[in-house]
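# An overview of the molecular structure
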Amino acid sequence: MFSYFELYPTFLVFVAVIIGMVVTMLLTPALIRLLRREHVGQQVRDDGPQTHLVKSGTPTMGGIVMLAAVAVAIFVVGVPDPETYLLLGAVVLTGVVGLVDDISSVVHERSLGLTPTAKLLCQFAISLVFILCAVNMLDIPPTVEIPFICTLDLGVLTTVIPVGEGISIPWLYVIFCLLLLMGLSNAVNLTDGLDGLAAGTVMIVMIVMAAIAFRGNLLEPAIFSAAIAGACVGFLWFNSHPADIFMGDTGSLALGQALGCLAVVTKTEFLVIIIGGLFVAEALSVMIQVAYFRRTRKRVFLMAPLHHHFEKKGWSETKVVVRFWIISGLLAAFGFALYFANSMVVG
């Protein structure tokens, strides 16, 4: 459909943003009506901020529409290649895990959904398959580049399984990427605790990832990133405070997985820790809180994840969200600046 515009790749990336946004904005109202009619709503933690209790019953699983919008955008705008199918497959499968978790939460009327073990095992399997396919099918080198410092060769311990042309398993790289993908997926999930927080920060990060992919002559991953950014913009229309719908684990787990997978494809496995630094901080706040409490029976933060700490300090939900958007933007911009400067030196 857009074959004429293949000569204008920048245009295609912008169109992907628009389609992702428009499709999300068109489909979300119908999903909200359906979920309200079926009385499918979010279960809110009893031990969370008391101001959040009014959100109980708000429609959830909005990630379904976001993933659908991304799929529409990449198939309409781009010419899907193996990278696209691999990215989409990993993200959709992770979204299915989140969907099962969301449905379990609603059916059992509790905010926990699947057990942590079950969720982690599913994420582990999806991430492992993606990494092995990336290395063996896309020829992604098992290296991690730290800008201006060094490139770590994590393929020094590699096993080749004699199946077909051989399946390479670079153990160190696989372990590193497993931690990265699963960590980012769950970090975005933890960030999705305030109206518009996850959607806004993922939008910012995905714009930067699209720019990085475009800079690296990876048009289809750039379109993929742009489509996610557009879907987040469209979703924010309904997810901004006070939210009419939440993305649920269906969206947050999938979006975090998308960020990790894009980092592997664009070879920004280290930089994504900076670009998605807000998500990392949210996850670390939970880890620190749990570890310190188990050791001392005291808390470092008033409440974890980090955004709830500032709510407990008296910040309004909107103030926390907007300030976290700003911080996310600064971190993403710094990460892109490092990438760009390093590419100029290397190039």
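Cut-offs applied
- Residues numbered from 1 in each chain as written.
- Predicted model: local features only at pLDDT ≥ 70, side-chain atom pairs only at ≥ 80, totals over all residues.
- Heavy atoms only, no water.
- Helix = DSSP H or I, 4+ residues; strand = E, 2+ residues; numbered from the N terminus.
- Expected span 1.5 Å × (residues − 1).
- Bend = angle between axes of the 7 residues up to and from the residue.
- Buried < 20%, exposed > 50% of the residue type's maximum accessible area, 1.4 Å probe, protein only.
- Contact = heavy atoms within 4.5 Å.
- Phe/Tyr/Trp six-rings, centres within 6.5 Å; stacked < 30°, edge-to-face > 60°.
- Core = buried A, V, L, I, M, F, W, Y, C linked by side-chain atoms within 4.5 Å.
- Pairing = 2+ DSSP bridges.
- Axes fitted to C-alpha atoms, helices over the stretch in contact; angles between N-to-C directions.
- Parallel < 35°, antiparallel > 145°, perpendicular 65-115°, else oblique.
- Left-handed = near helix turned anticlockwise from the far one by under 90°.
- Patch = residues over 30% accessible without salt bridge, like charges linked within 9 Å, V, L, I, M, F, W, Y side chains within 5 Å.
- Areas by Shrake-Rupley, 256 points an atom, 1.4 Å probe, with all protein chains shown as cover.
- Salt bridge = Lys/Arg side-chain N within 4 Å of Asp/Glu carboxyl O.

## Looking at helix α1 (residues 9-37)
Between the first and last C-alpha of α1 there are 42 Å, a value that for 29 residues agrees with the 42 Å anticipated at 1.5 Å per step. The largest bend in α1 comes to about 30 degrees, at L27, with the proline P29 one to four residues further on. Along α1, the residues that are buried comprise L12, V13, V15, A16, I19, G20, V23, T24, T28, L31, I32 and L35. Against the buried residues of α1 lie α2 (63-77), α6 (197-215) and α7 (219-239). Just past α1, the residue H39 takes up positive phi, approximately 55 degrees.

## Section: the packing of aromatic side chains
On inspection of all chains with the given rule, the structure shows five aromatic pairs. Residues F336 and F340 carry aromatic rings whose centres are separated by 6.2 Å and whose planes lie at 35 degrees to one another, so their mutual orientation is tilted. Of this pair, F336 and F340 both sit in helix α12 (residues 317-346), four residues apart, roughly one helical turn. For F336, a relative accessible area of 26% translates into the label partly exposed. Through pairs of rings, three or more aromatic residues link up here, namely F310, W315 and F324.

## Description of the nonpolar core
Core analysis: the largest hydrophobic core is formed by 89 residues, its most contacted members being F130, Y173, M206, F224 and I228. Every residue in contact with M206, bar those within four places of it in the chain, is listed here: S225, I228, A229, L255, A258, L259 and L262. Residues L197, F310, V321 and F324 belong to the second largest nonpolar core, which totals nine residues.

## A look at the pairing of strand β4 (residues 167-170)
Of the pairings in the sheet, the one linking strand β3 (residues 158-161) to β4 comprises four bridges and is antiparallel in character. If you follow I161 over to β4, its bridge partner there is I167. Adjacent in sequence and paired antiparallel, β3 and β4 are bridged by five residues, among which G164 carries a positive phi angle near 65 degrees.

## Quick notes on the packing of helix α4 (residues 116-136) against helix α5 (residues 171-191)
Each pair of packed helices can be described by the angle between their axes along with the distance between the axes. At their nearest, the axes of α4 and α5 sit 9 Å apart, and the two run at 130 degrees to each other. As far as their axial angle goes, α5 and α4 are oblique. As α4 packs across α5, the resulting crossing turns out to be right-handed. Where α4 approaches α5, its residues K119, L120, Q123, F124, S127, L128, F130, I131, L132 and V135 are matched on the opposing element by Y173, V174, C177, L178, L181, M182, S185, N186 and N189.

## Comments concerning helix α8 (residues 248-265)
The end-to-end C-alpha distance of α8, which contains 18 residues, comes to 26 Å, matching closely the 26 Å that a straight helix rising 1.5 Å per residue would cover. Counting buried residues in α8 gives 18 out of 18 residues, a clear majority hidden from the surface. Following α8 by one or two positions, K267 has its phi on the positive side, about 60 degrees.

## Considerations on the environment of L255
If you trace the backbone, L255 turns up in helix α8. Residues contacting L255, with those up to four places away along its chain left out, are M66, V188, V202, M206, I228, C232 and M247.

## Considerations on a nonpolar patch on the surface
A cluster of nonpolar side chains, L284, M287, I288, Y292 and V300, forms an exposed patch at the surface whose accessible area comes to about 450 Å². With respect to the element layout, V300 can be found in the loop between α10 (277-296) and α11 (306-312). We classify V300 as partly exposed; its relative accessible area is 42%.

## A closer look at the pattern of salt bridges
Inspection of the entire model under this criterion finds three salt bridges. With a shortest N-O distance of 3.2 Å, K119 and D101 are connected by a salt bridge. On the criterion of sequence distance, the pair formed by K119 in helix α4 and D101 in helix α3 (residues 82-107) is long-range, its members being 18 residues apart. We classify K119 as buried; its relative accessible area is 11%. You can call D101 buried: its relative accessible area is 2%. The residue D249 makes a salt bridge to K119 at a minimum N-O spacing of 3.4 Å.

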